Amino acid sequence: MAPKAAPSCRLVFCLLISAAVLRQGLGWYTVNSAYGDTIIMPCRVDVPQNLMFGKWKYEKPDGSPVFIAFRSSTKKSVQYDDVPEYKDRLNLSENYTLSISNARISDEKRFVCMLVTEDNVFEAPTVVKVFKQPSKPEIVSKAPFLETDKLKKLGECISKDSYPDGNITWYRNGKVLQPLEGAVVIIFRKQMDQITQLYTMTSSLEYKTTKADIQMPFTCSVTYYGPSGQKTVYSEQAVFDIYYPTEQVTIQVLPSKNAIKEGDNITLKCLGNGNPPPEEFLFYLPGQPEGIRSSNTYTLTDVKRNATGDYKCSLVDKKSMIASAAITVHYLDLSLNPSGEVTKQIGDALPVSCTISASRNATVVWMKDNIKLRSSPSFSSLHYQDAGNYVCETALQEVEGLKKRESLTLIVEGKPQIKMTKKTDPSGLSKTIICHVEGFPKPAIQWTITGSGSVINQAKESPYINGRYYSKIIISPEENVTLTCTAENQLERTVNSLNVSANENKEKVNDQAKLIVGIVVGLLLAALVAGVVYWLYMKKSKTASKHVNKDLGNMEENKKLEENNHKTEA
């Protein structure tokens, strides 16, 4: 029996000295695992029937083995070696699959599964690769601004906690930036944490900008390898403020230079197209060679027409870069002659003129008592209806608020003029006496009656229009009377009289009586004639009737005689 023991001793010794062991060689097998996941390594050897036990080991960089797990095929027990870095992280299943939880970068080794029989040792190596996705890249230490035609550090792109290390790429508006001497300088750095063995990648970009880079987005990306292959993660976009010098100066006039009128305030605003824009300028006023230093605005208050001219502005440090604007201060003058309140006598002549002086053609409108006139007024001989309130109004339509107006209040005076008329009532019993009065100021009318007669209606007055009105009175005179109309205003007192005869009434009454008698006699004669005509008509009608009856009797007798003759012949 002693020979059986010897082989067993030789096998234990073979486990320690691999050079004396017969091995079954297998190809390389790689297990990829993500950082923090569980590494699962199957033992890629068919379990032999005479298996005694199985073991797992890993190899150090110098090739020396470190055993970490043991499982007996008979006792079904598992033993884990005292290896600090794998404490409480290992699990060896019945089919000798080894699992390592919470994968670390240090787990990236060559592990070997060993199945041992009495006469042989079978080994299956597995290479473990651990990958750690880096953090999303971020552009940090960004420049507050970039200046055209100057090489300046734009910022740094940083990505942390990667394994293995990745590569950083810069982009402008989605296109890859390649190093270019004097224009694009990229410096890449990577650093490994000695404890976690994870990499931090940093790439700095120096860039010479142009005005074409205004509002252009810059991004960066990190490319790394993971369990499933190569991947790329992009940063957020970054847009930089681009500084560039002023190349052109412009001047603005507020309000609009087409609408400036006397009395307005003018604000001149000078602008440069640089970034940042200039903060100070020189302003040049018409006739002043020296510029006035100010911010980008300069204000003139209560301007007059003599402020019309060319206004300029320039940069303080570059006076040759200048801009100008022509300004016209619009004005409007109106002179009405005469104006105010004017009193004239009826029949007088009154020349009226409205003279306009303006910076451009102006419209003129005449109004009388708020009613637009078709033409300007002209008075060669004044009438009462010419009196009123006249207004001459002018305006520049292109300039808002530029209007002028002057007024003339014309008073036409005249002494009272009287004209009397009479009108007899159709009945002949009364007469209407009218006193027509013309004059201004309005004359007062007074009636005086001389003689007897009744006043049927008290005096009534019409409205006073254009210096004229009338007063009328209705009377029924019993005898000849005289009516006197007196009109008086501040200028004069005028009297006029009218005689009214009573005989006119009596003659009118007699004429009416004769007319009535004639009408009655005429009606009686017409009735008599009608009666005679009717009597004659009735008499004639009766005679005609008798002749008709006699003729009818003769016709019947002749008919009977003819019938008897026919019978005799038969």
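Residues numbered from 1 in each chain as written. Predicted model: local features only at pLDDT ≥ 70, side-chain atom pairs only at ≥ 80, totals over all residues. Heavy atoms only, no water.

The next subject is the environment of Ser 471. Within the secondary structure, Ser 471 is located in strand β39 (residues 468-477). Ser 471 gets classed as buried once you look at its relative accessible area, which sits at 1%. With residues near it in sequence (within four places) discarded, Ser 471 still touches Ile 433, Ile 434, Cys 435, Ile 445, Trp 447, Ala 459, Lys 460 and Glu 461. A polar contact of 2.9 Å, which involves the side chain of Ser 471, links it to the side chain of Trp 447. (Helix = DSSP H or I, 4+ residues; strand = E, 2+ residues; numbered from the N terminus. Buried < 20%, exposed > 50% of the residue type's maximum accessible area, 1.4 Å probe, protein only. Contact = heavy atoms within 4.5 Å. Polar contact = N/O pair within 3.5 Å; in protein donor to acceptor, adjacent residues only side chain to side chain.)

Our focus in this paragraph is the packing of aromatic side chains. Scanning the entire structure with this criterion turns up 12 aromatic pairs. With a centroid separation of 6.1 Å and an interplanar angle of 25°, the aromatic rings of Tyr 163 and Tyr 199 are classed as stacked. Separated by 36 residues along the polypeptide, Tyr 163 in the loop between β13 (151-162) and β14 (167-172) and Tyr 199 in strand β17 (residues 199-208) bring together distant segments of the chain. For the pair shown, Tyr 163 and Tyr 199 are each scored as buried. Through successive ring pairs, a cluster of aromatic residues spans Tyr 58, Tyr 86 and Phe 111. Its end group placed over the ring of Tyr 58, Lys 109 keeps NZ or CZ at 4.9 Å from the ring centre. Sitting over the face of the ring of Tyr 469, Lys 442 holds its NZ or CZ atom 4.8 Å from the ring centroid. (Phe/Tyr/Trp six-rings, centres within 6.5 Å; stacked < 30°, edge-to-face > 60°. Lys NZ or Arg CZ within 6 Å of the ring centre and 35° of its normal.)

Before going further, it helps to spend a moment on the side chain of Thr 126. Among the structural elements, Thr 126 can be located in strand β10 (residues 121-131). For Thr 126, a relative accessible area of 0% translates into the label buried. Apart from the residues within four sequence positions on either side, Thr 126 is in contact with Tyr 29, Val 31, Met 41, Pro 42, Arg 44, Trp 56, Lys 109, Arg 110 and Phe 111.

Attention now goes to the state of the cysteines. Applying the stated rule across the entire model yields five disulfides. A sulfur-sulfur distance of 1.9 Å marks the disulfide that ties Cys 270 to Cys 313. The sign of the 70° torsion about the S-S bond sets the Cys 270-Cys 313 disulfide as right-handed. With Cys 270 in strand β23 (residues 266-272) and Cys 313 in strand β27 (residues 309-315), this pair connects stretches of sequence that are 43 residues apart. Cys 313 gets classed as buried once you look at its relative accessible area, which sits at 0%. Here Cys 354 pairs with Cys 392 through a disulfide, and the sulfurs are 1.9 Å apart. (Disulfide = S-S within 2.5 Å.)

Attention now moves to unusual backbone geometry. Comment: phi is negative for the bulk of residues other than glycine, and the bulk of peptide bonds are trans. For the bond from Tyr 163 to Pro 164, the omega torsion is -10°, close enough to zero to count as cis. Position of Pro 164 among the secondary structure elements: in the loop between β13 and β14. In this structure, the amide linkage connecting Leu 254 to the following residue, Pro 255, adopts the cis form with an omega of 0°. We note that Ser 141 has phi near 50°; this positive angle belongs to a residue other than glycine. Turning to its location among the elements, Ser 141 is positioned in the loop between β11 (138-140) and β12 (146-147). Using a relative accessible area of 53% as the deciding quantity, one classes Ser 141 as exposed. Within the chain, Asn 370 stands out as a residue other than glycine whose phi angle is a positive 70°. You can see Asn 370 is positioned in the loop between β32 (363-368) and β33 (371-372). For Asn 370, a relative accessible area of 72% corresponds to the exposed category.

What follows deals with the environment of Trp 366. Secondary-structure assignment places Trp 366 in strand β32. Along the backbone, Trp 366 and Tyr 390 are 24 residues apart, and their C-alpha atoms lie at a distance of 7.1 Å. Not counting residues within four places of it along the chain, the set of residues in contact with Trp 366 comprises Leu 336, Val 352, Cys 354, Ile 371, Lys 372, Leu 373, Ser 375, Ser 376, Pro 377, Tyr 390, Val 391 and Cys 392.

Another point: the pairing of strand β22 (residues 249-254). Successive side chains on a regular strand alternate, one facing one side of the sheet and the next facing the other. The side-chain alternation of β22 yields one buried face, formed by Val 249, Ile 251 and Val 253, and one unburied face, formed by Thr 250, Gln 252 and Leu 254. Inspection of the sheet shows β22 paired to β23 by six bridges, in the antiparallel sense. Looking across to β23, one finds that Val 249 is bridged to Gly 272. (Pairing = 2+ DSSP bridges.)

Bringing the nonpolar core into the picture now. Judged by nonpolar contacts, the single largest core of 52 residues is most densely connected at Met 41, Trp 56, Ile 68 and Phe 111. Look past the residues within four positions of Phe 111 in its chain and what remains in contact with it is Met 41, Trp 56, Lys 57, Tyr 58, Ile 68, Tyr 86, Ile 100, Ala 124, Pro 125, Thr 126 and Val 128. Ile 266, Cys 270, Met 321 and Ile 327 belong to the second-largest nonpolar core, a separate cluster that totals 21 residues. (Core = buried A, V, L, I, M, F, W, Y, C linked by side-chain atoms within 4.5 Å.)

In terms of burial, strand β34 (residues 388-395) is a largely internal element, six of the eight residues being buried. Across six bridges, the pairing between β32 and β34 is antiparallel. By the bridge assignment, Val 364 is partnered in β34 with Thr 394. Direction of pairing for β34 relative to strand β35 (residues 403-424): antiparallel, over a ladder of eight bridges. Across the sheet, residue Tyr 390 finds its bridge partner in β35, namely Leu 408.

Here we come to the pattern of salt bridges. Taken as a whole and assessed by the stated rule, the structure comprises 21 salt bridges. The shortest N-O distance in the salt bridge between Lys 57 and Glu 123 comes to 3.8 Å. Highlighted residues: Lys 57 in strand β4 (residues 53-59) and Glu 123 in strand β10, separated in sequence by 66 residues. As far as burial versus exposure is concerned, Lys 57 and Glu 123 are alike and both buried. The residue Lys 304 makes a salt bridge to Asp 302 at a minimum N-O spacing of 3.5 Å. A residue is classified by how much of its surface remains accessible, and Lys 304, at 42% relative accessible area, is partly exposed. Using a relative accessible area of 42% as the deciding quantity, one classes Asp 302 as partly exposed. Each of Lys 153, Glu 156 and Arg 189 takes part in a single network of salt bridges with overlapping partners. (Salt bridge = Lys/Arg side-chain N within 4 Å of Asp/Glu carboxyl O.)

As a further point, take the side chain of Ser 72. By secondary structure assignment, the location of Ser 72 is in strand β5 (residues 65-72). By relative accessible area, Ser 72 is classed as buried at 8%. Only 3.1 Å separates the side chain of Ser 72 from the side chain of Thr 74, close enough to count as a polar contact. There is a polar contact of 3.3 Å between the side chain of Ser 72 and the backbone nitrogen of Lys 75. Ignoring anything within four residues of it in the chain, the contact list for Ser 72 reads Met 52, Phe 53, Ser 77 and Tyr 96.

Confidence in the prediction of the protein, expressed as mean pLDDT, is 85, and 85% of residues score 70 or more. Low pLDDT (under 50) marks residues 1-26, which in the prediction has 28 contacts with non-local residues, meaning those over four places away or in another chain. Low pLDDT (under 50) marks residues 543-570, which in the prediction has zero contacts with non-local residues, meaning those over four places away or in another chain. (pLDDT = per-residue confidence, 0-100.)

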